[in-house]
Amino acid sequence: MSTKATRVLVLICSTRPGALGPAVGQWLIEALTPRAVELGVQLVPVALGDLNLPFLDEEEHPSSGVYRHEHTRRWSAMVDAADGFIAVTPEYNYGMPATLKNAVDYLSREWAWKPIGFVSYGNTSAGTRAVQHAKQVVTTLRLVPVGATVAIRIGAATENDRVRPDTARDTAAVGLLDELVRVGHALRPMRERARAGTRSGPLPGSYVRRLTPDDAPEVTVLQRCCWVDEAVVNDTMAIPALHESPGEVRDWLATWHTTGIWLDGRLLGMVRARRVDTDWQVGRLAVVPDLRGQGLGRWLLRTAEAVARPGCHRILLYTGAKSLRNIDLYRSEGYQPMPLAGPGGTTCLAKGLAVRQR
């Protein structure tokens with residue numbers, strides 16, 4: 001399961017003046033907030049009327065991702081950053097409101113492999129026919145509707161334009177959120193593989209991408225489990241990777257070129273690199289303990305070497321002076337010990353860059 005906070009957009013779909021949608025949305029946020037805090041979920045209410053989206057007015061097909069209008073770019077950024085959605089929708093003539101259909105039609109890849117839940121309201125059917133209509137549309141965009149829903153019959157559930165308190169309804173809403181979060185975590189690997197810049201990794205089913213500051217929680221966990229052996233072998237706990245906070249990890253992820261290998265949402269290994277004068281510095285080469293010996297470390301090392309910046313003459317890296325397994329790997333890849341000063345208890349190794357890489 002991801003260690004990131006889950007961001008859920010609560011879409012208030014009706015734009016009709018005096019509509020019940022804002023009241024239903026307010027009830028939903030209030031009912032879900034305690035459970036959202038427990039789950040690490042950020043609930044973000046979004047009134048579709050506030051987006052000022054005209055009927056789809058982009059010249060390029062949404063699948064192109066080419067957006068000429070600022071209102072589309074803003075909407076794209078909001079949806080792209082979300083991990084899931086709850087649509088609070090009325091039923092209009094056996095269907096969902098045009099505002100929801102229009103907002104969905106504006107985008108494409110931003111929706112893919114994310115869960116969506118529905119809270120509907122209406123009279124005879126409590127809005128359930130709108131939900132059935134919407135499900136046909138959203139699945140085309142690879143949104144995944146969850147089974148749990150909340151249906152509110154207006155006459156029995158509202159008074160003075162407010163939703164009456166109801167324990168059973170609150171419980172149903174919490175159940176919807178719980179299912180949405182579970183499905184969102186399960187779908188995360190599918191979303192990862194669809195991200196720009198993601199490519200196939202060295203293990204079957206794995207994928208590789210550059211890590212960002214948002215990956216700081218996973219990187220922190222990886223460092224804790226990977227550098228314990230280093231601490232034991234070198235008889236020291238003075239290893240930065242063991243003590244960095246997620247905030248400190250986030251800071252260096254913003255400046256280093258860091259590559260990560262993922263499988264089913266799990267970070268299996270990483271390596272970081274950056275240019276310092278005419279040196280290409282490589283560090284934090286890590287592979288989860290249960291997958292060592294399968295060539296992942298060597299693969300990551302070569303990947304870091306391949307992205308060396310023009311103008312660099314050599315690659316430098318440091319490892320524990322007693323980390324013989326690491327040293328053997330580096331020497332087998334052409335690195336040689338260097339008499340350079342490094343952090344206490346470490347040794348420096350270097351490798352020249354071929355002319356074509358400079």
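Residues numbered from 1 in each chain as written. Predicted model: local features only at pLDDT ≥ 70, side-chain atom pairs only at ≥ 80, totals over all residues. Heavy atoms only, no water.

Let's talk about the overall build of the protein
Within the protein, the regular secondary structure consists of 12 helices and 15 strands. Taken over the C-alpha atoms alone, the protein extends approximately 80 × 45 × 30 Å along its principal axes. Of all intrachain contacts in the protein linking residues separated by at least 6 positions in sequence, the fraction that spans at least 24 positions is 71%. Surface accessibility of the protein: about 17,300 Å² in total, with carbon and sulfur atoms responsible for 53%. Once the 43 positive and 36 negative side-chain charges of the protein are each reduced to a mean point, those two points are 5 Å apart. (Helix = DSSP H or I, 4+ residues; strand = E, 2+ residues; numbered from the N terminus. Contact = heavy atoms within 4.5 Å. Areas by Shrake-Rupley, 256 points an atom, 1.4 Å probe, with all protein chains shown as cover. Lys, Arg positive; Asp, Glu negative; His and termini not counted. Charge placed at Lys NZ, Arg CZ, Asp CG, Glu CD.)

Some remarks on the pattern of salt bridges
Per the stated rule, a full pass over the model turns up 19 salt bridges. Note that glutamate 91 and arginine 129 form a salt bridge whose closest N and O atoms lie 2.7 Å from each other. Note that glutamate 91 is positioned in the loop between β3 (84-90) and α3 (98-105) and arginine 129 in helix α4 (residues 128-138), a separation of 38 residues in sequence. Owing to a relative accessible area of 16%, glutamate 91 belongs among the buried residues under this scheme. (Salt bridge = Lys/Arg side-chain N within 4 Å of Asp/Glu carboxyl O. Buried < 20%, exposed > 50% of the residue type's maximum accessible area, 1.4 Å probe, protein only.)

Here's the deal with the packing of helix α1 (residues 21-39) against helix α6 (residues 167-193)
In the contact formed by α1 and α6, the axes pass within 9 Å of each other and the chain directions differ by 50°. Looking at the two axes, α1 sits oblique to α6. For the crossing formed where α1 meets α6, the hand is right-handed. Touching Trp27, Leu28, Ala31, Leu32, Arg35, Ala36 and Leu39 of α1 are Arg169, Asp170, Ala173, Val174, Leu177, Asp178 and Val181, all from α6. Residues belonging to the contact of α1 with α6 are distributed by class as follows: 10 nonpolar, no polar and 4 charged. (Axes fitted to C-alpha atoms, helices over the stretch in contact; angles between N-to-C directions. Parallel < 35°, antiparallel > 145°, perpendicular 65-115°, else oblique. Left-handed = near helix turned anticlockwise from the far one by under 90°. Nonpolar A, V, L, I, M, F, W, Y, C, P; charged D, E, K, R; others polar.)

A closer look at the confidence of the model for the protein
For the protein, the average pLDDT comes to 92, and 97% of its residues sit at 70 or higher. The least confident element of the protein, judged by mean pLDDT, is strand β6 (residues 158-159) at 82; the most confident is β3 at 98. (pLDDT = per-residue confidence, 0-100.)

Overview of the packing of aromatic side chains
Enumeration over the complete set of coordinates arrives at 3 aromatic pairs. Ring geometry for tyrosine 330 and tyrosine 335: centres 6.1 Å apart, planes at 65°, overall edge-to-face. Both residues of the pair, tyrosine 330 and tyrosine 335, count as buried. Members of the aromatic cluster, each reached through a chain of ring pairs, are Trp75, Phe85 and Trp111. Between the NZ or CZ atom of arginine 129 and the centre of the ring of tyrosine 94, over which it lies, the distance is 3.6 Å. Arginine 272 extends its terminal NZ or CZ atom over the ring of tryptophan 256, reaching a point 3.9 Å from the ring centre. (Phe/Tyr/Trp six-rings, centres within 6.5 Å; stacked < 30°, edge-to-face > 60°. Lys NZ or Arg CZ within 6 Å of the ring centre and 35° of its normal.)

Focus on the pairing of β3
Along β3, 7 of the 7 residues are buried, which leaves the element largely enclosed by surrounding structure. Neither face of β3 is exposed, since Gly84, Ile86, Val88 and Pro90 on one face and Phe85, Ala87 and Thr89 on the opposite face are all buried. Where strand β1 (residues 6-12) lies against β3, 5 bridges are found, and the strand directions are parallel. What sits directly across from isoleucine 12, in β3, is valine 88. Note that β3 and strand β4 (residues 115-122) share 6 bridges and pair parallel. In the strand pairing of β4, proline 90 is matched with tyrosine 121. (Pairing = 2+ DSSP bridges.)

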